[in-house]
Amino acid sequence: MSSTIRSPGNTCRRKPAPRGEAIIAEAGSRATEEAPLARLQMEMDDDPAGAALSLQIWPTGETRELGRIDPHGRWVKWKGWET
């Protein structure tokens, strides 16, 4: 996964910090059905309609996009967890 940082006249790609990802992956590896772990994240991507809002749940590690969100929290287009 990566995120895009946009500022006037500047756009660059940034990948999540490897140490942070490693900490989350390690915690996810310890998750169980009785004690799950969830990560809610907002990431800028190539879609101009705001940022992706996603939820990843362990022990399966499944990730689903829940909707789109304004990076400043002004609006949310909620899709929800579709099965």
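The sections below set out a description of the structure shown in this document.

Rules of the game
Residues numbered from 1 in each chain as written. Predicted model: local features only at pLDDT ≥ 70, side-chain atom pairs only at ≥ 80, totals over all residues. Heavy atoms only, no water. Buried < 20%, exposed > 50% of the residue type's maximum accessible area, 1.4 Å probe, protein only. Helix = DSSP H or I, 4+ residues; strand = E, 2+ residues; numbered from the N terminus. Pairing = 2+ DSSP bridges.

## Here we look at the pairing of strand 4 (residues 51-58)
(1) Moving on: Strand 4 sits mainly inside the fold: seven of its eight residues count as buried.
(2) Moving on: Pairing analysis gives seven bridges linking strand 3 (residues 37-43) to strand 4, with the strands arranged antiparallel. Pairing of A38 across the sheet is with I57, part of strand 4.
(3) Moving on: Bridge count for strand 4 against strand 5 (residues 62-69) is seven bridges, and the pairing is antiparallel. Paired with L53 across the strands is G67, a residue of strand 5.
(4) Moving on: The loop that links strand 4 with its antiparallel partner strand 5 comprises three residues; one of these, G61, has a positive phi angle of about 80°.

Spatial relationships are all this shows, so hold off on functional conclusions.
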